[in-house]
Amino acid sequence: MTPPPLLLTAHSAAALLLLLGPDPARAPKRRRRGEAGGSDPDAEASNPAPAPPEQEPPPPPAPVALPLPPTSLDHYPLAFRVSAPTFNFLSGLLDPLLSDPSLPPSPVLLALALARLASGLPYPALAARFGVPPSAPRAASRRLRRVLLANFRFWLAFPSDPSSGAYSAPLPSCRGALCCARFDGPGGPLAAQLVAGASSRVLSLAAGFRGDRTDIEVLRLSSLYQEVEQGRVLEPGQYLVGDGGGYPLLPWLMVPFRGPVVPGSPEAAFNSAHRAMCRPVRRAVQSLMGWGAISRLHEEESPRAAVACIGTCAMLHNVLLTREDYSALAPDEAEADSDLGEVQSQGDGTGAGSEGFEVDTRASVLRSALAATMRDLRAPD
């Protein structure tokens, strides 16, 4: 009889903490920081005199060290970028697939892999902190990537149920926003194309393109382009919106009206709605950039490993959203009115008609109709 999959509870999580063991070298440091940084508010209020001019300013606060391994359930979001319940869920789900007789127990493997993804710490440093053989962190990371990419690709897919958030206001029948992000890979910049829905869930991911390719080049090389052109992803009347100035206007890809638009006009209303539709995909990119391993992709052993790391973080991002765990979700206000920095789109800025694309009359008609819809929605009763 096959044993049931392991599902960690609060008690078994405590057992995991005992197995991993606290880091005794860090406990005294925490006490010293608490003693040095403590202050008496009443004493400060009783002595309002200003500090002498010759007094040196206080030193900046020391950065908070990651609690690795975690010594409290409250430390899980800091250590792994997932909550303790989500860690338990992943442990129970992946235990049969992660288990290997030659490696530490699967909860420890998951902890090592998530700690690497969350912090980006070198593998030797993780091994020392967790008290495991030097080869264990790298093996754990490889194993988690292989298990997720081989068995859970459906976590990165368009939802089949239209009522599950695929249709999003303020643009009717829009299934998501498309953007191209760029990362610092081991062999140079890497480009990744993402589609995200209204909740910032990643609906499509294609990574591993050369970072010097324009957004349009990446789009044409992606499987998404072929599938949409063949009518296999979007239904008639559905479309995506393109974030950045490097995309053309297509029947299934809406871009803003170029040039100055009259305030209050249908074109201005459409452009405003278009910007709102692009915010979730920017938030998704910023959330991915928050994983420590993503910010240190150049340290991976190969571009292939870097691409697998991007895919793994995107899958975990979706799992967290599904479980309403926002431990790794970037704040909404952080990306609302900012560009993507190093992951900014690349193109010639001309949009439609560039890179061999012809201006499609159907696309222009659809965009004008959507703009008119925006005007009607804004009209008073």
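Just so it is clear, the structure is predicted and the values come from calculations on it, not from any experiment.

Cut-offs applied
- Residues numbered from 1 in each chain as written.
- Predicted model: local features only at pLDDT ≥ 70, side-chain atom pairs only at ≥ 80, totals over all residues.
- Heavy atoms only, no water.
- Helix = DSSP H or I, 4+ residues; strand = E, 2+ residues; numbered from the N terminus.
- Buried < 20%, exposed > 50% of the residue type's maximum accessible area, 1.4 Å probe, protein only.
- Contact = heavy atoms within 4.5 Å.
- Areas by Shrake-Rupley, 256 points an atom, 1.4 Å probe, with all protein chains shown as cover.
- Pairing = 2+ DSSP bridges.
- Axes fitted to C-alpha atoms, helices over the stretch in contact; angles between N-to-C directions.
- Bend = angle between axes of the 7 residues up to and from the residue.
- Parallel < 35°, antiparallel > 145°, perpendicular 65-115°, else oblique.
- Left-handed = near helix turned anticlockwise from the far one by under 90°.
- Expected span 1.5 Å × (residues − 1).
- Disulfide = S-S within 2.5 Å.
- pLDDT = per-residue confidence, 0-100.
- Polar contact = N/O pair within 3.5 Å; in protein donor to acceptor, adjacent residues only side chain to side chain.

**With respect to the overall build of the chain**
When you go through the chain residue by residue, the secondary structure sums to 15 helices and 5 strands. Each of the 381 residues in the chain was classed as buried or not, and the buried ones make up 45%. Within the chain, residue pairs in contact and separated by at least 24 positions form 70% of the contacts whose partners lie at least 6 positions apart. On the chain, roughly 19,100 Å² of surface is accessible, and the fraction owed to carbon and sulfur atoms is 56%.

**Here's the deal with the sheet that holds strand 5 (residues 253-254)**
With mixed pairing, 5 strands are arranged side by side in an open sheet as 3-2-1-4-5. With one partner strand each, in any of the chains shown, strand 3 (202-210) and strand 5 form the two edges of the open sheet. Along the sheet, helix 11 (residues 266-289) makes contact with strand 1 (174-185), strand 2 (188-196), strand 3, strand 4 (239-242) and strand 5, crossing strand 1 at roughly 40°. Across the face of the sheet, helix 13 (residues 303-322) comes into contact with strand 1, strand 2 and strand 3 while running at roughly 165° to strand 3.

**So, helix 5 (residues 84-98)**
A bend of about 35° at G92 is the largest found in helix 5, and the proline P96 appears one to four places after it. Of the positions making up helix 5, those classed as buried are A84, T86, F87, N88, L90, S91, G92, L94, D95 and L98.

**A few points about the pairing of strand 1**
Here strand 1 lies mainly inside the structure; 11 of its 12 residues are buried. Note: strand 1 against strand 4, 3 bridges, orientation parallel. Bridging across to strand 4, A177 finds its partner in V241. As judged from the 9 bridges shared by strand 1 and strand 2, these two strands associate in the antiparallel manner. Its bridge partner being in strand 2, R182 is matched across the sheet by A191.

**Focus: the packing of helix 8 (residues 136-151) against helix 13**
The interhelical angle for the contact between helix 8 and helix 13, taken along N-to-C directions, is 65°, at an axis separation of 9 Å. The angle between helix 8 and helix 13 places the two elements in the roughly perpendicular class. Crossing angle aside, the handedness with which helix 8 passes helix 13 is left-handed. Across the interface between the two elements, R145, L148 and L149 of helix 8 pack against A305, A308, C309, G311, T312, M315 and L316 of helix 13.

**Regarding helix 11**
In a regular helix each residue adds 1.5 Å, so 24 residues correspond to 34 Å; helix 11 covers 35 Å between its end C-alpha atoms and thus fits that length. The sharpest bend along helix 11 measures roughly 25° and falls at R279, with the proline P280 sitting one to four residues further on.

**Regarding unusual backbone geometry**
Cis geometry is adopted by the peptide bond preceding P69, which originates at L68 and carries an omega value of -10°. Checked against the element boundaries, P69 lands in the loop between helix 3 (41-46) and helix 4 (76-80). The phi torsion at R81 lies on the positive side, around 65°, for a residue other than glycine. Despite not being glycine, E324 shows a phi value in the positive range, around 55°.

**Here we look at the state of the cysteines**
Inspection of the entire model under this criterion finds 0 disulfides. Residue C180 stays outside any disulfide, its sulfur separated by 7.2 Å from that of C179, the closest cysteine. Just so you know, C278 is unpaired, no disulfide at all, and the nearest cysteine sulfur is the one on C174, 8.3 Å from it.

**So, the confidence of the model for the chain**
Within the chain, residue pLDDT values average 80, and 72% of them lie at 70 or more. The low-confidence segment residues 1-52, where pLDDT is below 50, has 42 contacts with residues more than four positions distant or belonging to other chains. In the model, residues 348-355 has pLDDT below 50 throughout and makes 19 contacts with residues more than four positions away in sequence or in other chains.

**Quick word on the side chain of R145**
Within the secondary structure, R145 is located in helix 8. For R145, a relative accessible area of 8% puts it in the buried group. Other than its neighbours up to four places away in sequence, R145 contacts Y123, E300, E301, A305, A308, C309 and T312.

**Some details on the side chain of R182**
Following the sequence through the fold, R182 ends up in strand 1. For R182, a relative accessible area of 4% corresponds to the buried category. From its side chain, R182 meets the backbone oxygen of G211 in a polar contact 3.0 Å long. Within polar-contact distance, the side chain of R182 engages the backbone oxygen of R213 at 2.7 Å.

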